Amino acid sequence: MNDRLKTIVDLENYPIHDLSSSKIQAIIKKCKNDLDQFSCSTIPNFILPKSIEIMNFELEKKIDKVFMSKKSINPYLNSKDDPSLSPNHPKRTFLERDNGYLNSDLFDKDSEMKFLYEQEELLKFVSACLGISPIYRWADPLACHAYNVMRPEGILPWHFDSCEFTLSIMIQKPDEGGIFEYCPFIREPGNENFEEVKKVLEGDRTKVRQLKLEPGDLQIFKGRFTMHRVTKVKGNKPRLLCIPAYVLDPWRVNTPEHSEAIYGKVLPIHIERNKARSDGLAD
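Just so we're clear, the structure is a prediction, and the values are computed from it rather than from any experiment.

A. The arrangement of the overall build of the protein in detail. For the protein, the helix and strand inventory stands at seven helices and 14 strands. Considered along the principal axes of its C-alpha atoms, the protein spans approximately 55 × 40 × 40 Å. Counting the 283 residues in the protein, one finds 55% classified as buried. Long-range contacts, defined as pairs at least 24 residues apart, comprise 83% of the intrachain contacts of the protein with a sequence gap of at least 6. Accessible area of the protein: about 12400 Å², with a carbon and sulfur share of 49%.

Take a look at the structure:
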């Protein structure tokens, strides 16, 4: 284990470097139960306060490089209309988006977040919590461990993720709002379940759950199968998160359209690897 890890993660309470310990085994069991039932699990105070300060600093010093995306999108992160579908089809439901990212390729080589993401201890711990092995770090050079920025009045509408699994680490809470809402397992491989998606988009909250993260908390989330959103941020402080991501396919990256819309640019890798998804689901 690299000694730097103990300055980032609370290894005393969460010994992710020793997955055989009874303490971490109990945490893994709880996380897996939560993920199996609700597609989401939260571990409080996983990241040490000093490390949260460092992550805040490395984001703030590059805040002018954050790409803010304000275009309307549908739940599949697509901004193009398809007139061949019925007018109320989820793919034709476009919602306001005001949200930004500091892309992963802009991180310094010694970045706190980049270092944490690259540690085998974290990958193996997340894999154990999911009960899925192997999982891989995301090959997308813009999105693999991006910082997310939601400024006052910012909003992130209902959507599905392109990658299967995401972590969220809250590094700054807003004054008000910015609440994470999600609908567990509303779709599955081979089944988009458009009717249930449409109900949520039309205001049905039967399946909606809420999660309020605190600075230092770690959220593990099955975002490709669970539609989710973040409510409007209010007050004077932006909502800041780290969002490291993991995938089942080590080759897969975002589609060119997704990358352009959300991260502000397209790299050759997005074009070269723009192939149909094996799970049959829309991005």
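B. Broad picture of the nonpolar core. In this structure, F46, L116 and F125 are the most contacted members of the largest nonpolar core, which totals 70 residues. Considering each element in turn, this core owes the most residues, seven residues, to strand β14 (residues 239–247). Those residues within four positions of F46 in sequence are excluded, and the remaining contacts are I8, V9, D10, Y14, I16, L122, F125, G216 and L218. With 11 residues, the next largest nonpolar core counts F160, C183, V197 and L201 among its residues.

C. Expanded view of the environment of D10. Locating D10 in the fold gives a position in the segment before α1 (22–38). By relative accessible area, which is 14% here, D10 ends up buried. For the pair formed by D10 and P244, sequence separation is 234 residues and the distance between their alpha carbons is 18 Å. The residues contacting D10, other than those within four sequence positions of it, are N45, F46 and L48.

D. View of the environment of I52. As for its position among the elements, I52 is in helix α2 (residues 49–60). C-alpha of I52 to C-alpha of L19: the two residues are 33 residues apart in sequence and 24 Å apart in space. Those residues in contact with I52, other than ones at most four positions away along the chain, are I47, I169, M170, I171 and G216.

E. Geometry of the sheet that holds strand β12 (residues 227–230). Sheet architecture is open: four strands sit in the order β6-β12-β9-β10, paired in antiparallel fashion. Sheet topology places β6 (156–159) and β10 (209–211) at the edges, where each strand pairs with a single neighbour. Taken pair by pair, the neighbouring strands of this sheet meet at an average axis angle of 20°, ignoring direction. Relative to β12, β6 is paired through two bridges, and the arrangement is antiparallel. By the bridge assignment, H159 is partnered in β12 with H228. Each of β6, β9 (180–183) and β12 touches helix α5 (residues 194–201); the most contacted strand, β12, lies at about 20° to it.

F. Structural detail: the packing of aromatic side chains. Applying the stated criterion to the full structure yields 10 aromatic pairs. Between Y14 and F46, the aromatic rings sit 5.7 Å apart at their centres with planes inclined by 40°, giving tilted as the arrangement. Residue Y14 is found in the segment before α1, and its partner F46 is found in the loop between β1 (40–43) and α2; the two are separated by 32 residues along the sequence. Among the residues examined, F46 registers a relative accessible area of 1% and is labelled buried. Ring centres 6.0 Å apart and planes at 80° place the aromatic pair Y182 and F221 in the edge-to-face group. Of this pair, Y182 sits in strand β9 while F221 sits in strand β11 (residues 218–221), placing them 39 residues apart in sequence. Classification of Y182 by relative accessible area gives buried; the value is 3%. Cluster of aromatic residues (ring-pair linked, three or more members): Y14, F46 and F125. The ring centre of F38 lies 3.8 Å from the NZ or CZ of R209, which sits over that ring.

The rules behind these values
- Residues numbered from 1 in each chain as written.
- Predicted model: local features only at pLDDT ≥ 70, side-chain atom pairs only at ≥ 80, totals over all residues.
- Heavy atoms only, no water.
- Helix = DSSP H or I, 4+ residues; strand = E, 2+ residues; numbered from the N terminus.
- Buried < 20%, exposed > 50% of the residue type's maximum accessible area, 1.4 Å probe, protein only.
- Contact = heavy atoms within 4.5 Å.
- Areas by Shrake-Rupley, 256 points an atom, 1.4 Å probe, with all protein chains shown as cover.
- Core = buried A, V, L, I, M, F, W, Y, C linked by side-chain atoms within 4.5 Å.
- Pairing = 2+ DSSP bridges.
- Axes fitted to C-alpha atoms, helices over the stretch in contact; angles between N-to-C directions.
- Phe/Tyr/Trp six-rings, centres within 6.5 Å; stacked < 30°, edge-to-face > 60°.
- Lys NZ or Arg CZ within 6 Å of the ring centre and 35° of its normal.

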